[in-house]
Amino acid sequence: MATSLTPPGQGAAPSGGLKPAGTLYRGREGMWSWVMHRISGVLIFFFLFVHVLDTATVRISPEVYDAVIAQYKNPVMGIGELGLVGAVVFHALNGIRIMLVDFWSKGTVHHRKMFWGVVGLWFALMVPFAVRHLMHVFGE
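Bear in mind that the values here come from a model prediction, so they are computed numbers and not experimental data.

Thresholds applied
Within each chain, residues carry numbers counting from 1 in the order of the written sequence. Restriction of local features to residues with pLDDT of at least 70 applies here, the model being predicted, together with a cutoff of 80 or more for giving and counting side-chain atom pairs; totals for whole chains, interfaces and linings are based on all residues. In computing side-chain values, all of the structure's heavy atoms are included and hydrogens and water are not. Numbering of helices and strands starts at the N terminus; helices are DSSP runs of H or I of at least 4 residues and strands are runs of E of at least 2. Residue burial is assigned from relative accessible area. The probe radius is 1.4 Å, only protein chains are included, and a residue is buried under 20% of its type maximum, exposed over 50%, and partly exposed in between. Whether two residues are in contact is decided by their heavy atoms: any pair within 4.5 Å suffices. For the area figures, the Shrake-Rupley method with a 1.4 Å probe applies, and any residue is considered shielded solely by the protein chains shown. Helix span, expected: 1.5 Å multiplied by one less than the number of residues in the helix. Note on bend: the value at a residue is the angle between axes fitted to the seven residues ending there and to the seven starting there. Planes of paired rings set the category: under 30 degrees apart is stacked, over 60 is edge-to-face and the rest tilted, where pairs are Phe, Tyr or Trp rings (Trp by its six-membered ring) whose centres lie within 6.5 Å. The salt bridge definition used is simple: a Lys or Arg side-chain nitrogen within 4 Å of an Asp or Glu carboxyl oxygen. Fitted lines through C-alpha atoms give the axes, limited to the stretch in contact for helices. The angle between two N-to-C directions lies from 0 to 180 degrees. Under this scheme an angle from 65 to 115 degrees is roughly perpendicular, one under 35 degrees roughly parallel, and one over 145 degrees roughly antiparallel; angles in between are oblique. Should the near helix be turned anticlockwise from the far one by less than a right angle, the crossing is left-handed, and should it be turned clockwise, the crossing is right-handed. Residues are grouped as follows: Ala, Val, Leu, Ile, Met, Phe, Trp, Tyr, Cys and Pro are nonpolar; Asp, Glu, Lys and Arg are charged; all remaining types, including Gly, are polar.

It is worth spelling out the overall build of the protein chain at this point. What the protein chain contains, in helices and strands, is four helices and zero strands. Going from N to C terminus, the protein chain has its helices and strands arranged as α-α-α-α. Counting across all 140 residues of the protein chain, residues that qualify as buried make up 23%. For the protein chain, contacts bridging at least 24 residues in sequence account for 54% of all contacts bridging at least 6. Surface summary for the protein chain: the accessible area is close to 10200 Å², and the carbon and sulfur share equals 72%.

Printed below as a string of structure tokens:
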């Protein structure tokens, strides 16, 4: 039985027992949004790190730079570019959602709807891009 001192979601479970502590966000939209935001941010960071390194090779010699860039012209890197764009788009859209949750007075009330809005908008943007990009990657 839940009391006024019991945190939300910590009352009696349907089976009659108490839910274990710390399960308030397990598997819900807020937790998955947090996890995906961190993963996309780390992936973008590693891309930027590699991008700075490969661009810096132009100072060594233009031939080295051209050789490095030529290595990127294969289907595996094309799929990687698709993943990078997906990570950037999700990270940007979810960042806007996070700002709305933080600065809009009703943001916490609507955070689940906004998460699913981010997911829907991400798919709406990524599906046409993926089709066009993969046609370019595998069409040459």
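Next comes the rest of the account.
What follows is about helix H4 (residues 111–139). End to end, H4 covers 41 Å across 29 residues, agreeing with the expected 42 Å (1.5 Å per residue, within 8%). A bend of about 25° at Met-126 is the largest found in H4, and the proline Pro-128 appears one to four places after it. Considered for burial, the residues of H4 that qualify are Met-114, Phe-115, Val-118, Val-119, Met-126, Ala-130, His-133 and Val-137. Looking at the packing, one finds that the buried side of H4 touches helix H1 (29–60) and helix H3 (75–103).

Attention now moves to the packing of aromatic side chains. For the structure shown, the criterion picks out three aromatic pairs. Measuring from ring centre to ring centre gives 5.1 Å for Phe-115 and Trp-116, while their planes differ by 75°; the resulting arrangement is edge-to-face. With a centroid separation of 5.0 Å and an interplanar angle of 85°, the aromatic rings of Trp-122 and Phe-123 are classed as edge-to-face.

Right, let's talk about the side chain of Ser-33 for a bit. Inspection of the secondary structure puts Ser-33 in helix H1. Those residues in contact with Ser-33 that lie beyond four places of it in its chain are Asn-94, Arg-97 and Phe-115.

Once that is clear, we can look at the pattern of salt bridges. Following the criterion strictly, the structure yields one salt bridge and no others. We note a salt bridge from Glu-29 to Arg-112, for which the minimum N-O separation is 3.1 Å. A residue pair is termed long-range when its members are at least 10 positions apart, and Glu-29 in helix H1 and Arg-112 in helix H4 qualify at 83 residues. Taking relative accessible area as the criterion, Arg-112 reaches 38% and is therefore assigned partly exposed.

Time to look at the packing of H1 against H3. Between H1 and H3, whose axes approach to 9 Å, the crossing angle comes to 130°. Considering their axes alone, H1 and H3 lie oblique with respect to each other. Classified by chirality, the crossing of H3 by H1 is left-handed. Across the interface between the two elements, Ser-33, Met-36, His-37, Ser-40, Gly-41, Ile-44 and Phe-47 from H1 touch Leu-84, Ala-87, Val-88, Phe-90, His-91, Asn-94, Gly-95, Arg-97 and Ile-98 from H3. Looking at the contact of H1 with H3 residue by residue, the class counts come to eight nonpolar, seven polar and one charged.

Nothing here speaks to function; it is geometry throughout.
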